[in-house]
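Structural features, examined
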Amino acid sequence: MCRGKDGEMLAGTATVFRMCYKSKSMLNDEYGSIGSGALAMAFEEAFVLSTTDKKHNPPHLSVYEESLTTFRQGKQLTGGKDMALRLPVGDVRGLKNPSGHTLDVCWFLAQIPVNDKLVPDDRPGSIGHCGITGLSRPKNLPQLDWKWFRVKLADIAVKMGPVLVS
Amino acid sequence: MASMTETLPFLPKFYDPSHTQIWGLSELETAISDRYEEARRDILRYINQSRLTDVLWQSQLSNMSKKTLGYKQLSQIYIKLLQRQNKSAGIDTSCSISDRIEEPLISYLDEMVTKQLVSTEVQHTAIELWGKLEKASNFNLPEPDGLPGPECSFMLAFDDGTLHLEFEINKPNRVEAFFLNRDTDEMWEEDFEAHLDLSETLLEKIRLFRR
């Protein structure tokens with residue numbers, strides 16, 4: 001996989017991952033054993049845009065393309081987040097919320113805040129940085145429909161199998 | 001009359017299937033966490049204050065000890081028995097009991113606060129909310145999952161594969177609830193303050209997850 005230009009779409013065959021912390025059920029080894037074989041999960045929280053994410057133009061949720069960034073690099077790049085949630089780009093693009101909005105995955109230069117300014121991140125693995133766009137709710141549209149996106153992204157990640165990174 | 005806390009017996013030996021050994025009192029004391037001990041002392045203090053008879057309490061302990069239960073199950077039953085006997089004695093159950101029920105959740109929150117991933121205020125709101133949800137469902141909920149989010153926020157979530165109910169705590173005392181039925185795409189949300197009574201609609205949703 002070659003990195004595209006800033007703002008360019010990723011290939012539909014690519015897979016990206018989002019780093020997050022181990023959830024309670026993962027930490028306590030309860031994962032997959034809640035209730036009658038069903039799954040308790042709180043991964044949706046991993047798909048909430050932070051204040052910094054919202055400031056990007058366009059707003060996007062940081063993810064990494066998995067052939068350019070390893071999970072271990074992802075952990076280091078995100079300050080020790082130890083779980084990778086994998087998302088095939090085609091599946092992300094296939095989501096359409098009840099308002100008819102969709103998501104996209106594009107290349108974005110990795111940036112880190114230094115002295116209140118965002119500067120390029122040149123640490124190992126940052127070359128795979130990209131972002132999911134469309135998660136920022138346009139004004140006057142129902143918040144519910146954007147929470148729907150979060151649950152559906154978490155469902156994709158669960159289907160793919162979350163990866164614990166040592 | 002001697003203080004009931006002083007006269008209460010310790011639990012006799014019980015069998016922990018995960019360790020396949022019989023635990024005596026000393027091993028039991030070692031195995032249970034400091035937090036659990038603290039909770040237990042609080043509970044005993046509460047019983048004492050509530051003037052329940054020690055006969056009733058000893059009877060409960062005796063019944064429990066006949067069963068082969070691990071620590072986790074035991075601690076949950078401990079609380080549920082208290083809840084039941086308080087109810088039958090016409091005693092209003094205090095939050096100090098209910099908000100200690102889910103030990104793994106509290107431990108997880110403690111860890112997240114230590115790592116500065118969740119603020120103390122958000123932690124308190126999460127625990128208060130969890131206590132309320134448990135009480136509202138007669139202590140019959142599965143364990144929720146939890147995960148820290150941006151800016152020291154926290155999410156609690158119940159999910160049975162079809163139904164999804166999440167509680168997002170972004171600010172102290174403020175909770176955003178969101179429900180999704182994957183089969184029907186029915187959605188519902190509500191913002192509320194954790195210290196206020198839960199709405200009827202929310203109670204209906206949470207009861208869908210009862211075991």
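Residues numbered from 1 in each chain as written. Chains lettered and ligands numbered in written order. Predicted model: local features only at pLDDT ≥ 70, side-chain atom pairs only at ≥ 80, totals over all residues.

Let us now look at the overall build of chain B. Along its length, chain B carries 9 helices and 7 strands. Taking all contacts inside chain B whose residues are at least 6 apart in sequence as the whole, residues at least 24 apart take part in 56%. (Helix = DSSP H or I, 4+ residues; strand = E, 2+ residues; numbered from the N terminus. Contact = placed C-beta atoms within 7 Å.)

A word on the overall build of chain A. Scanning chain A from N- to C-terminus turns up 5 helices and 8 strands. Scanning chain A from its N terminus toward the C terminus, one meets helices and strands in the order β-α-α-β-α-β-α-β-β-β-β-α-β. In terms of overall dimensions, chain A is globule-like: its C-alpha atoms have a radius of gyration of 16 Å, near the 15 Å expected for 166 residues. Once the C-alpha set of chain A is aligned to its principal axes, its extents read approximately 45 × 40 × 35 Å. Counting every position in chain A, which comprises 166 residues, the buried fraction comes to 40%. (Rg over C-alpha atoms; globule rule 2.2 N^0.38 Å. Buried ≥ 20, exposed ≤ 12 C-beta atoms within 10 Å, placed from the backbone.)

The next thing to look at is the interface of chain B and chain A. When the parts of a complex come together, some accessible area is lost, and that lost area is often taken as the interface size. Across the boundary between the two partners, chain B contributes 29 residues, which contact 28 residues of chain A. Listing elements by their share of the side of chain B that touches chain A, those giving two or more residues are helix H7 (103-114), strand S3 (145-148), strand S4 (154-159), strand S5 (163-171), strand S6 (174-181) and strand S7 (186-193) of chain B. With 5 residues, S4 of chain B is the largest single contributor of residues to the side of chain B that touches chain A.

In this model, helix H5 (residues 143-160) of chain A (18 residues) spans 27 Å end to end at C-alpha, consistent with the 26 Å of a helix rising 1.5 Å per residue. Taken as a whole, H5 of chain A has its buried residues at Trp 146, Lys 147, Trp 148, Phe 149, Arg 150, Val 151, Lys 152, Leu 153, Ala 154, Asp 155 and Ala 157 of chain A. Those residues of H5 of chain A that are buried are in contact with strand S3 (83-88) of chain A together with S5, S6 and S7 of chain B. Once H5 of chain A ends, the next one or two residues include Gly 161 of chain A, with phi positive near 95 degrees. (Expected span 1.5 Å × (residues − 1).)

This brings us to helix H8 (residues 120-136) of chain B. Along an α-helix, residues three or four apart share an orientation, since each turn contains 3.6 residues. Residue and element names in this part refer to chain B. With 17 residues, H8 should cover 24 Å at 1.5 Å per step; its first-to-last C-alpha distance of 24 Å lies within 8% of that length. Along H8, the residues that are buried comprise Val 122, Gln 123, Thr 125, Ala 126, Ile 127, Leu 129, Trp 130, Lys 132, Leu 133 and Glu 134. Positive phi appears at Asn 138, one or two residues downstream of H8, with a value of about 55 degrees.

Now for unusual backbone geometry. For the bond running from Asn 57 of chain A to Pro 58 of chain A, omega is -5 degrees, close enough to zero to count as cis. Relative to the helices and strands, Pro 58 of chain A is located in the loop between helix H2 (51-55) and strand S2 (60-65). Here the phi dihedral of Asp 116 of chain A falls at roughly 65 degrees; this positive angle occurs in a residue that is not glycine. The topology assignment puts Asp 116 of chain A in the loop between strand S5 (111-114) and strand S6 (117-120). Of note in the backbone geometry, Asn 173 of chain B takes a positive phi value of approximately 70 degrees without being a glycine. Position of Asn 173 of chain B relative to the elements: it lies in the loop between S5 and S6.

Let's shift gears to the nonpolar core. Residues Val 16, Phe 43 and Leu 85 of chain A together with Ala 126 of chain B are the most contacted members of the largest nonpolar core, which totals 67 residues. Broken down by element, this core gets its largest block of residues, 7 residues, from H5 of chain A. In this view, Phe 43 of chain A contacts Cys 20, Ser 23, Leu 85, Ala 154, Ala 157 and Val 158 of chain A together with Leu 147 of chain B; residues no more than four positions away in its chain are not counted. (Core = buried A, V, L, I, M, F, W, Y, C linked by C-beta atoms within 7 Å.)

Once that is clear, we can look at the sheet that holds S5 of chain B. Residues and elements named next belong to chain B. As summarised here, the arrangement of the 5 strands in space is S3-S4-S5-S6-S7, forming an open sheet in which the pairing is antiparallel. Edge positions in the open sheet fall to S3 and S7, since each of these has one partner strand only. Neighbouring strand axes in the sheet, compared pairwise and without regard to direction, differ in orientation by 15 degrees on average. Bridging between S4 and S5 involves 6 bridges; their strand directions are antiparallel. Within S5, the position partnered with Met 155 by the bridge is Glu 168. (Pairing = 2+ DSSP bridges. Axes fitted to C-alpha atoms, helices over the stretch in contact; angles between N-to-C directions.)

As a further point, take the confidence of the model for chain A. Residues and elements named next belong to chain A. Taken as a whole, chain A shows an average pLDDT of 88; of its residues, 92% reach a score of 70 or greater. Summarising per-element confidence for chain A, the mean pLDDT is lowest in helix H1 (residues 24-27) (74) and highest in helix H4 (residues 89-93) (98). Taken as a whole, residues 32-38 scores under 50 in pLDDT and shows 12 contacts with residues more than four places along the chain or in a different chain. (pLDDT = per-residue confidence, 0-100.)

Now for the environment of Glu 128 of chain B. Tracing the backbone through its elements, the reader meets Glu 128 of chain B in helix H8. The class of Glu 128 of chain B is partly exposed, set by 18 C-beta atoms lying within 10 Å.

This part covers the pairing of S6 of chain A. Residues and elements named next belong to chain A. In this sheet, S6 lies alongside S5 in antiparallel orientation, the contact comprising 4 bridges. Counterpart to Pro 113 in the pairing with S6 is Leu 118. Between S5 and the antiparallel strand that follows it, S6, lie 2 residues; Asn 115 among them carries a positive phi value of about 50 degrees.

On to the confidence of the model for chain B, then. All names here are of chain B. For chain B, mean pLDDT is 68; residues scoring 70 or higher make up 51% of the total. Confidence drops under a pLDDT of 50 for residues 47-62, and excluding neighbours within four residues, the segment shows 21 contacts in the predicted structure. Across the predicted assembly, pTM comes out at 0.71 and ipTM at 0.84.

Next up on the list: the sheet that holds S2 of chain A. Residues and elements named next belong to chain A. As summarised here, the arrangement of the 6 strands in space is S4-S7-S2-S1-S3-S8, forming an open sheet in which the pairing is antiparallel. Lying at the two open borders of the sheet, with one neighbouring strand each, are strand S4 (104-107) and strand S8 (163-164). The pairing of S2 with strand S7 (residues 129-133) spans 5 bridges and is classified as antiparallel. For Val 63, the partnering residue across the bridge sits in S7 and is Cys 130.

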